[in-house]
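As a plain string of letters, each chain reads:
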Amino acid sequence: MSAESEIQDVIEAVGDVADFLERHSGKGAEAALARVRKDSRRLAGGDLDALKSLLAETTGGMGSLNDLGLTRSDRLAMSDDEWRVLNRRRDALMDMAAEKCRIAMRRHGLEVWR
């Protein structure tokens with residue numbers, strides 16, 4: 001796989017996470033989603049430092065994209081099993097985006113710390 005296609009994979013994976021969370025997270029999500037979309041645009045423009053920011057967003061703690069939960073209104077509209085499936089989907093998307101960031105960072109000689 002080429003370095004360019006790995007970058008595109010990161011952009012798509014992070015976009016999938018952002019789209020999912022935009023549909024299922026509350027109003028507190030706007031700041032993190034805006035940061036991630038901005039970092040994706042930076043990455044698309046060739047700024048490889050955006051990979052570090054995107055990895056931090058997909059693996060980080062308070063205030064990061066990874067910190068965003070699903071809204072209570074979604075919870076009330078579904079069964080416990082559906083809720084668990086939705087949460088597993090969120091986790092899988094986040095893990096995939098983080099791993100694609102790590103792969104691209106290694107390819108470009110950037111230190112992977114998480």
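Computed from a prediction, not measured in an experiment: that's the story for all the values here.

Enquirer: Could you give me a rundown of the packing of helix 1 (residues 3–24) against helix 2 (residues 30–44), with the residues and numbers involved?
Expert: Following both chains from N to C, one finds helix 1 and helix 2 inclined at 165°, their axes separated by 10 Å at the closest point. The orientation of helix 1 relative to helix 2 falls into the category roughly antiparallel. For the element pair helix 1 and helix 2, the recorded crossing hand is left-handed. Residues Ile7, Val10, Ile11, Val14, Ala18, Asp19, Leu21 and Glu22 of helix 1 pack against Leu33, Val36, Arg37, Ser40, Leu43 and Ala44 of helix 2. Taken together, the residues of the contact of helix 1 with helix 2 sort by class into ten nonpolar, one polar and three charged.

Enquirer: Describe in detail the nonpolar core, supporting the description with residues and values.
Expert: Judged by nonpolar contacts, the single largest core of 31 residues is most densely connected at Val10, Val17, Leu21, Leu43, Leu51, Leu54 and Leu65. Counting only elements with at least two residues in this core, the list comes to helix 1, helix 2, helix 3 (49–59) and helix 5 (80–107). Setting aside residues no more than four positions away along its own chain, leucine 21 makes contact with Leu33, Leu65, Leu68, Leu70, Arg90 and Met94.

Procedures and definitions
Residues numbered from 1 in each chain as written. Predicted model: local features only at pLDDT ≥ 70, side-chain atom pairs only at ≥ 80, totals over all residues. Heavy atoms only, no water. Axes fitted to C-alpha atoms, helices over the stretch in contact; angles between N-to-C directions. Helix = DSSP H or I, 4+ residues; strand = E, 2+ residues; numbered from the N terminus. Parallel < 35°, antiparallel > 145°, perpendicular 65-115°, else oblique. Left-handed = near helix turned anticlockwise from the far one by under 90°. Contact = heavy atoms within 4.5 Å. Nonpolar A, V, L, I, M, F, W, Y, C, P; charged D, E, K, R; others polar. Core = buried A, V, L, I, M, F, W, Y, C linked by side-chain atoms within 4.5 Å. Buried < 20%, exposed > 50% of the residue type's maximum accessible area, 1.4 Å probe, protein only.

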